[in-house]
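Analysis of the macromolecular model
If you want the building blocks of each chain, they are given just below.
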Amino acid sequence: MAKSELEQIPGVGENMAQHLINAGYPTIESLKGQNSEEIYQKDCSYQGCQVDRCSLYVYRLAVYFADNETHDPEKLQWWNWKD
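Residues numbered from 1 in each chain as written. Predicted model: local features only at pLDDT ≥ 70, side-chain atom pairs only at ≥ 80, totals over all residues. Heavy atoms only, no water.

Moving on to the overall build of the protein chain. Counting its secondary structure elements, the protein chain contains four helices and zero strands. Reading the protein chain from its N terminus to its C terminus gives the helix and strand order α-α-α-α. Computed over C-alpha atoms, the radius of gyration of the protein chain comes to 12 Å, within 12% of the 12 Å expected from 2.2 N^0.38 for 83 residues, which places it in the range of a compact globule. Overall, the C-alpha framework of the protein chain stretches about 35 × 30 × 20 Å when taken along its three principal axes. Here the protein chain holds 83 residues, and 39% of them are scored as buried. Of the contacts made within the protein chain by residues no fewer than 6 positions apart, 35% connect residues no fewer than 24 positions apart. When the accessible surface of the protein chain is summed, it comes to about 4,900 Å², and 48% of that surface belongs to carbon and sulfur atoms. (Helix = DSSP H or I, 4+ residues; strand = E, 2+ residues; numbered from the N terminus. Rg over C-alpha atoms; globule rule 2.2 N^0.38 Å. Buried < 20%, exposed > 50% of the residue type's maximum accessible area, 1.4 Å probe, protein only. Contact = heavy atoms within 4.5 Å. Areas by Shrake-Rupley, 256 points an atom, 1.4 Å probe, with all protein chains shown as cover.)

Structure, rendered in structure tokens:
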């Protein structure tokens, strides 16, 4: 399988990229302007269970990454997006 462009986002590896694709976000462009809570809910629905909240933190980072051309290094670490 070809590497997803989503893997350019810090914290997004092959597994998380597949979660985003399954939730309907196959590209960085598709994440622009999205609501990370909605992405998380779509992921939970797709998987049929409550997904680990750490995924939500990665989705927050992913939307931030997509929405901004320049990035604060602190905001490129998923654990800095915790509730």
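And the narrative resumes.
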